[in-house]
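Listed below are the residues making up each chain.
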Amino acid sequence: ELNFYSISSDGRVANWSMSKNELKMEPVMHLKIMNSSKDEPDEASLSGLAGGCCFDFSEMQKHLFIVGTEEGNIHKCSKAYS
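Predicted, not measured: the structure shown is a model, and the values here were computed from it.

J.: Break down the sheet that holds strand E2 (residues 12-19) for me, with residues and values.
T.: As summarised here, the arrangement of the three strands in space is E1-E2-E3, forming an open sheet in which the pairing is antiparallel. Each edge of the open sheet carries a strand with a single partner, namely strand E1 (2-7) and strand E3 (22-30). Each neighbouring strand pair of the sheet contributes to a mean axis angle of 20°, computed without reference to strand direction. Looking at chain direction, E1 and E2 are connected through six bridges and run antiparallel. Bridge assignment links Phe4 to a residue of E2, and that residue is Trp16.

J.: Could you give an account of the packing of aromatic side chains, with specific residues and numbers?
T.: The full count for this structure, using the stated rule, is four aromatic pairs. With a centroid separation of 6.2 Å and 10° between ring planes, the pair formed by Phe4 and Trp16 is classed as stacked. A residue pair is termed long-range when its members are at least 10 positions apart, and Phe4 in strand E1 and Trp16 in strand E2 qualify at twelve residues. Residue class for Trp16 comes out partly exposed when judged on its relative accessible area of 25%. Aromatic pair Phe55 and Phe57: ring centres 5.7 Å apart, planes at 85°, arrangement edge-to-face. By relative accessible area, which is 26% here, Phe57 ends up partly exposed. Each member of the aromatic cluster is reached from another via a ring pair, and the members are Tyr5, Phe55, Phe57 and Phe65.

J.: Mind laying out unusual backbone geometry, listing which residues take part and the relevant values?
T.: Phi at Lys20 is positive, roughly 55°, even though this residue is not glycine. If you trace the backbone, Lys20 turns up in the loop between E2 and E3.

J.: Provide a residue-level description of the nonpolar core, including the pertinent values.
T.: Membership of the largest hydrophobic core is limited to nine residues, which are Ile7, Val13, Val28, Met29, Leu31, Ala50, Phe65, Val67 and Cys77. Those residues in contact with Val67 that lie beyond four places of it in its chain are Ile7, Leu31, Cys54, Phe55, Asn73, Ile74, His75 and Cys77.

Reading the values: rules and limits
- Residues numbered from 1 in each chain as written.
- Predicted model: local features only at pLDDT ≥ 70, side-chain atom pairs only at ≥ 80, totals over all residues.
- Heavy atoms only, no water.
- Pairing = 2+ DSSP bridges.
- Helix = DSSP H or I, 4+ residues; strand = E, 2+ residues; numbered from the N terminus.
- Axes fitted to C-alpha atoms, helices over the stretch in contact; angles between N-to-C directions.
- Phe/Tyr/Trp six-rings, centres within 6.5 Å; stacked < 30°, edge-to-face > 60°.
- Buried < 20%, exposed > 50% of the residue type's maximum accessible area, 1.4 Å probe, protein only.
- Core = buried A, V, L, I, M, F, W, Y, C linked by side-chain atoms within 4.5 Å.
- Contact = heavy atoms within 4.5 Å.

Right under this line is the structure:
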């Protein structure tokens, strides 16, 4: 069985697997845009989906990866908590 990951501009990270003649997609996560409140900087609210443009997996810890967004942010993510 072959598999690979993809990221899309609608914020979806997906795991694709190919077995025999079938390609299956499993959602891993949706990236969310977090806006911090000016009144309370420790609090954040969701304002939509972040557009993903790149990602890379850790060679040391296989469950960790980083994601770059169209907004210019980099997020540390985990396959363990998806």
